[in-house]
Amino acid sequence: MILKETSEYLHELYGKRLKEISIEKVVVGIFFTGVKLSNSCGGISYTPLSDIKDTVCCPSMAAKKPAPGSLKGVSVHEIMNAEKDTPLFNAIKIAVMNALSSEEFLADSGYEIIYDKDLHEIIDLNSIKRISIVGAFIPFIKRLKSMEGIELYVVEKKKSSLKDDELRYYVPAERASEVVPISDTVIITGSSIANGTIDELLSYFKTGSTVAVVGPTASFLPDAFFKRNVGIVSGVIVTDSNAMLDILSDRGSAYHLFNTCAKKINIVNSSGLSKF
């Protein structure tokens, strides 16, 4: 599994130091969950609000969630090795993994990195014939629907995430296994990492397809993705953890983070590319 393998990579990189790094602060925003660690590094993960609402419907169930302030001072080693499996705790764990996958490790590990660009600025749009976008990745949908000769599928749980003129592209999430294998290009948003569907989705695409995983949630070490022939992982590097937490606590989204406390980062897997 992607998260399990990435956790193992981080354990190898940090070793005993994981027990010395702790959580300083956690913010659960309506769009993203953010953490700041004691080493000043910050990380972000998609907040799966609908899943959290489904699992917390009364005070007795809410008591099973991390209590406010209860994670402060807890070592990241303990967080990453906890067996707790709830949507909120998993979002926090992913944010921790993203914080630990700091720019220092990414830049020093020999990855091919492209900074400050969106995916549509990197990918060769003209070579796409049939594309599946898993999750309502609005900037990419807007760009593609204006182009001719492209067959577009938008795989989404919520039909309401699409505008009226985009509904013709809508494919219910349960039909992902039908459209992903027939697509030459597959874009998967980071929300699939937070909701636990990423591994299944990556098992669908055909050999030779170009696959990208995008969004702040996908900001951890890319090795597990590259092992599965993902061509590019597009995430963010948090440059100001305090500002990031302030923005998320005030209902901020990814758009509010750029040019203030985070920068875009695209990590390229040259052996898994055909259209970049």
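Every residue gets a number counted from 1 within its own chain, in the order that chain's sequence is written. Given that this is a predicted model, residues contribute local features only at a pLDDT of at least 70 and side-chain atom pairs are listed and counted only at 80 or more, while totals for whole chains, interfaces and linings are drawn from all residues. Side-chain figures throughout are based on the complete set of non-hydrogen atoms in the structure, without hydrogens or water.

> Please clarify how the packing of helix H1 (residues 2-14) against helix H5 (residues 87-100) should be interpreted in this entry.
Between two packed helices, the angle of one axis relative to the other and the distance separating the axes together describe the packing. Where H1 meets H5, the closest approach of the two axes is 11 Å, and the angle between their N-to-C directions is 40°. Comparing their axes, H5 and H1 come out oblique. When the axes of H1 and H5 are compared, the crossing they make is left-handed. Where H1 approaches H5, its residues Leu3, Thr6, Ser7, Leu10 and Tyr14 are matched on the opposing element by Ile94, Met97 and Leu100. A fitted line through C-alpha atoms serves as each axis, taken over the contacting stretch for helices, and the angle formed by two N-to-C directions is quoted from 0 to 180°. Put simply, DSSP marks the helices as runs of H or I at least four residues long and the strands as runs of E at least two long, and each gets a number from the N terminus on. Our angle categories are set so that under 35 degrees counts as roughly parallel, over 145 as roughly antiparallel, 65 to 115 as roughly perpendicular, and the remainder as oblique. Working rule for handedness: look at the near helix, and if it is turned counterclockwise from the far one by less than a right angle, call the crossing left-handed; if clockwise, right-handed. Only heavy atoms enter the contact rule, under which two residues are in contact if any of them lie within 4.5 Å.

> Teacher, can you tell me more about the pattern of salt bridges here?
Opposite charge on two side chains permits them to pair, given that their charged atoms come into close proximity. Criterion for a salt bridge: a side-chain nitrogen of Lys or Arg within 4 Å of a carboxyl oxygen of Asp or Glu. For the coordinates displayed, the defined rule picks out ten salt bridges. Notably, a salt bridge pairs lysine 4 with glutamate 8, separated by 2.7 Å at the nearest N-O pair. One end of the pair, lysine 4, and the other, glutamate 8, are both in helix H1, four residues apart, so they sit about a helical turn from each other. With a closest N to O distance of 3.1 Å, arginine 175 and glutamate 178 form a salt bridge. Burial classification: accessible surface area is computed with a 1.4 Å probe over protein chains only, and a residue below 20% of its type maximum counts as buried, one above 50% as exposed, and the rest as partly exposed. Classification of arginine 175 by relative accessible area gives partly exposed; the value is 35%. On the accessibility criterion, glutamate 178 (45% relative accessible area) is partly exposed.

> I keep staring at the packing of aromatic side chains and nothing clicks. Help me out?
How two aromatic rings sit relative to each other is given by the distance of their centres and the angle of their planes. Two aromatic rings, drawn from Phe, Tyr or Trp (for Trp, its six-membered ring), form a pair once their centres lie within 6.5 Å of each other, and the interplanar angle then sorts them: stacked below 30 degrees, edge-to-face above 60, tilted otherwise. Going through the model one piece at a time under the given rule, you end up with two aromatic pairs. Measuring from ring centre to ring centre gives 5.8 Å for phenylalanine 137 and phenylalanine 140, while their planes differ by 5°; the resulting arrangement is stacked. The same class applies to phenylalanine 137 as to phenylalanine 140, namely buried. Here phenylalanine 220 and phenylalanine 225 contribute two aromatic rings whose centre-to-centre distance is 5.5 Å and whose plane-to-plane angle is 10°, an arrangement assigned as stacked. Residues phenylalanine 220 and phenylalanine 225 agree in their burial class; the two are buried. Both a distance and an angle decide whether a charge sits over a ring: NZ of Lys or CZ of Arg must be within 6 Å of the ring centre and within 35 degrees of the ring normal. The lysine or arginine in question, lysine 264, covers the ring of phenylalanine 258, its NZ or CZ lying 4.8 Å from the ring centre.

> Whenever I open this one, unusual backbone geometry confuses me. Can you help?
With glycine set apart, most residues show a phi of negative sign, and most peptide bonds adopt trans. Positive phi values are uncommon outside glycine, yet serine 40 reaches one of about 80°. Position of serine 40 among the secondary structure elements: in the loop between strand E2 (32-37) and strand E3 (42-46).

> Help me understand the sheet that holds strand E8 (residues 185-189) in this model?
By the convention used here, strands pair only if DSSP detects at least 2 bridges between them. The strand order E4-E11-E10-E9-E8-E5-E6-E7 describes an open sheet built from eight strands, whose pairing is mixed. This sheet does not close on itself; its edge strands, each paired only once, are strand E4 (112-115) and strand E7 (170-172). Across the sheet, the mean angle from the axis of one strand to that of its neighbour is 25°, orientation sign disregarded. Judged from the four bridges that link them, E4 and strand E11 (residues 262-268) form a sheet pairing that is antiparallel. Directly across from isoleucine 113, in E11, lies its bridge partner isoleucine 267.

> What am I meant to see in the pairing of strand E10 (residues 232-238) here?
When a strand is regular, its side chains alternate between the sheet's two faces. Counting buried residues along E10, seven of its seven residues qualify, which places the element largely inside the surrounding structure. Sheet analysis places strand E9 (residues 210-214) next to E10, joined by three bridges and oriented parallel. What sits directly across from valine 214, in E10, is serine 234. As paired strands, E10 and E11 are joined by seven bridges and run antiparallel to one another. Bridge assignment links valine 233 to a residue of E11, and that residue is isoleucine 267.

> In this structure, what is going on with the confidence of the model for the chain? I would like to understand it.
Residues shown with low pLDDT carry predicted positions that ought not to be read at fine detail. For every residue, the predictor states its confidence as a pLDDT score lying anywhere from 0 to 100. Across the chain, the average pLDDT comes to 89, with 90% of residues at 70 or higher. For the stretch residues 56-63, pLDDT sits under 50, and the model shows four contacts to residues farther than four places along the chain or on other chains.

> What exactly am I supposed to notice about H5 here?
Every α-helix winds through 3.6 residues per turn, so residues three or four apart in the chain are directed the same way. Along its 14 residues, H5 runs 20 Å from first to last C-alpha, staying within 8% of the 20 Å computed at 1.5 Å per residue. Of all 14 residues that make up H5, 14 are buried, and the element is covered over most of its length. Take the number of residues in a helix, subtract one, and multiply by 1.5 Å to get its expected span.

> Got a minute to help me understand helix H13 (residues 241-249) in this structure?
Within H13 the residues assigned to the buried category are Ser241, Met244, Leu245, Ile247 and Leu248. Take H13 and look down its axis: the buried residues cluster within an arc of 160°, on one side only. Nitrogen and oxygen atoms within 3.5 Å of one another constitute a polar contact, given that in protein one can donate a hydrogen and the other can accept it, and given that sequence-neighbouring residues count only through two side-chain atoms. At the N-terminal boundary of H13, the capping side chain belongs to aspartate 240, with an oxygen 3.3 Å from the backbone nitrogen of asparagine 242. Note on H13: the residue one or two positions beyond its end, arginine 251, has a positive phi of about 70°. The arc under discussion is defined with respect to the helix axis, by the directions toward the C-beta atoms.

> I'm lost on the side chain of serine 45 in this one. Help?
Within the secondary structure layout, serine 45 lies in strand E3. With a relative accessible area of 0%, serine 45 lands in the buried category. Among all residues touching serine 45, those that are not within four sequence positions of it are Phe31, Phe32, Thr33, Ala91, Ile94, Ala95, Ala194 and Thr217.

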